[in-house]
Amino acid sequence: MLEKEYLELADLLYPNTKDVNYYLNKFAPRVTSGEVTRLAPSPTGYLHIGQLYQALIHRMLANSTGGIFYMRLEDTDNKREVENAGQIAYDMLCRFGLKPDEGYRGDNMTEIGDYGPYVQSHRLEIYYAFAHELVKCGKAFPCFCQMAENKEEILRRREEELEETSDLEVKDPCRNLTLSEIKEKLSKGEKFALRLKSSGTKDKTFEFTDEIKGKKEIRENLKDDVLIKSNGIPVYAFAHVVDDTLMHTSIIVRGQEWFQSLPVHIELSKALNLPVFKYAHTPSVCVLDESGNKRKISKRKDTFADVRFFLEKGYPVEAVCEYLLNLLNSDFELWRKNNPTLHYFEFPFEINKVGVTNPLFDFMKLNDISKSIISRYTAEQVYASLVAWATEWNKASLSLIEENKDVLLNMFAIDRGGERPRKDITYFSEVLDLYN
């Protein structure tokens, strides 16, 4: 197509959009010199322990650099959306002491910050403006192909993408449609998805330095990836580049499963003449399967994948966070030994000290940390924590606990304090059995 035809096509697909410079100027650079980080969960279920693990990185990075940690809700997968999941995610971050400074704050509270909306479904006009820009520059095209509806085909395609990703060359046939052919399809009411017109060359690579993985050689993107689905909703790759640019995220911290899709994200940034982000791909927290092999913590198989598990058991939230810090930075344990009374936020966290191997979740280690933390409580703090736990999770026991307050306080006080305090309580749900 000629340049004027690309412009006509862009106006045809995405009419009446603002110029991208309107948004780039509207959302001015932040005044902070610290890291700007974000957690962007999808409201498709509870907050996963792996997301809490990453939220801890975001919070520590923002704290240690005088930056900002914000929350964005990526609610573009409405088929899998679970009611109140966004609210639960925000509430859990607050419960675990990782409250965002800015952004989405649940369904019933007004957002905080100058870079919203922080819910992706409220940002469609912004995405369409950037989509218009890509089409206008000849870097994206409408695709009218029918997607596979068969469940087995979808699962097979996903498996191929996960295994081969950037090695798999996929050039969509619709990239060669003429303007007149596109107009004819649109006149018939055919729906379209917007795809990136990939410019990658087979066997051509580039160097990229990940903040955790270090310098890597990566193949160029070879796939005409979908950017906006036929229902008008953007996919993660496109929304991420647009949102994190306009919200001035300074570092993208996410799971290592996204590393294989890095080439398309970098190509998108360059196609829009935007700076390429700093990326840090974290290792996955794992468990051992029946065969003794590592696997990621599973929502289906592991009850503790839901972070509410730890609240229901009665673990102190600081015990869970300190354990996760142990997994993130190997020198945290020595720091804690030398600084037993300091809050873990004072630990000098460094992103480049996050290991590259997948750590195993070890309940014995978590329990040791939890016992040590509870051992530093006064008898009154132990009792108050027990009451708070029972009020939320075991109301039937509350009257018994309150009736025996003096007895419990006396028992909690035995061998408490000093250099070697007793460490019999692991979490508060076991107190009822310990003090039968």
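Since the model is a prediction, treat every value here as computed from it, not as a measurement.

Draft legend 1. Here's a closer look at the pattern of salt bridges. With the rule as written, the count across this model stands at 24 salt bridges. Arg-30 serves as the salt-bridge partner of Glu-102, at 2.8 Å between the closest nitrogen and oxygen. Residue Glu-102 is found in strand S3 (residues 102–103), and its partner Arg-30 is found in the loop between helix H2 (20–26) and strand S1 (36–39); the two are separated by 72 residues along the sequence. A single burial state applies to Glu-102 and to Arg-30, both of which are buried. As a salt-bridge pair, Asp-302 and Arg-295 come within 2.8 Å of each other at their nearest N and O atoms. Each member of the pair, Asp-302 as well as Arg-295, is classed as buried. Residues joined by salt bridges that share partners form a network here, namely Arg-38, Arg-72, Glu-74, Arg-123, Asp-243 and Asp-244.

Draft legend 2. Just helix H14 (residues 379–393), in detail. For H14, with 15 residues, the first-to-last C-alpha span of 21 Å sits near the 21 Å given by 1.5 Å per residue. For H14, the full list of buried residues reads Ala-379, Val-382, Tyr-383, Leu-386, Val-387, Trp-389 and Ala-390. Down the axis of H14, the buried side of the element spans an arc of 165°, and every buried residue falls inside it.

Draft legend 3. Quick peek at the sheet that holds S1. Taken together, three strands build an open sheet; the order of strands is S1-S2-S3 and the sheet is parallel. Of all strands in the sheet, those with a lone pairing partner are S1 and S3, marking the two edges. Strand direction decides the pairing type here: strand S2 (residues 68–71) and S3, joined by two bridges, are parallel. Its bridge partner lying in S3, Met-71 is registered against Gly-103.

Draft legend 4. Just the pairing of S1, in detail. Covered by surrounding structure in S1 are Val-36 and Arg-38 together with Thr-37 and Leu-39, the residues of both alternating faces. One ladder, built from four bridges, connects S1 with S2; its direction is parallel. Of the residues in S2, the one forming a bridge with Thr-37 is Phe-69.

Draft legend 5. How the structure looks around the pairing of strand S7 (residues 214–219). Here six bridges tie strand S6 (residues 205–210) to S7, and the two strands are oriented antiparallel to one another. When the bridges of S7 are listed, Thr-209 appears paired with Lys-215.

Draft legend 6. Up close: the layout of surface pockets. Counted as a void, the second largest pocket has a volume near 430 Å³. Around the second largest pocket, the lining comprises 19 residues; the ones closest to its centre are Arg-336, Lys-337, Ser-372, Arg-376 and Lys-423. Breaking the lining of the second largest pocket down by element, the ones donating at least two residues are helix H11 (317–328), helix H12 (332–338) and helix H13 (363–375). In terms of residue class, the lining of the second largest pocket is made up of five nonpolar, four polar and ten charged.

Draft legend 7. Inspection of the packing of helix H3 (residues 49–65) against H11 at higher detail. Closest axis-to-axis distance for the H3/H11 pair is 10 Å, and the angle between their directions is 80°. As summarised for this structure, H3 and H11 are arranged roughly perpendicular, according to the angle between their axes. Between H3 and H11, the residues in contact are Ile-49, Leu-52, Tyr-53, Leu-56, Ile-57 and Met-60 and Val-320, Cys-321, Leu-324, Leu-325, Leu-327 and Leu-328, respectively. In terms of residue class, the contact of H3 with H11 is made up of twelve nonpolar, no polar and no charged.

Draft legend 8. Spotlight on the sheet that holds strand S5 (residues 193–196). Ordered by their spatial adjacency, three strands build an open sheet running S4-S5-S8, and the pairing between neighbours is antiparallel. Both outer strands of the open sheet, strand S4 (140–143) and strand S8 (226–228), are each paired with one neighbouring strand and no more. For this sheet, the mean inter-axis angle between neighbouring strands, taken without regard to orientation, is 45°.

Rules of the game
Residues numbered from 1 in each chain as written. Predicted model: local features only at pLDDT ≥ 70, side-chain atom pairs only at ≥ 80, totals over all residues. Heavy atoms only, no water. Salt bridge = Lys/Arg side-chain N within 4 Å of Asp/Glu carboxyl O. Helix = DSSP H or I, 4+ residues; strand = E, 2+ residues; numbered from the N terminus. Buried < 20%, exposed > 50% of the residue type's maximum accessible area, 1.4 Å probe, protein only. Expected span 1.5 Å × (residues − 1). Arc of directions from axis to C-beta. Pairing = 2+ DSSP bridges. 1 Å grid on protein atoms, 1.4 Å probe; cavity = no way out; pocket = protein on both sides within 12 Å on 5 of 7 lines; lining within 4 Å. Points joined across faces, edges and corners; volume = space filled by probe spheres on them. Nonpolar A, V, L, I, M, F, W, Y, C, P; charged D, E, K, R; others polar. Axes fitted to C-alpha atoms, helices over the stretch in contact; angles between N-to-C directions. Parallel < 35°, antiparallel > 145°, perpendicular 65-115°, else oblique. Contact = heavy atoms within 4.5 Å.

Treat this as a map of the structure, not an account of what it does.
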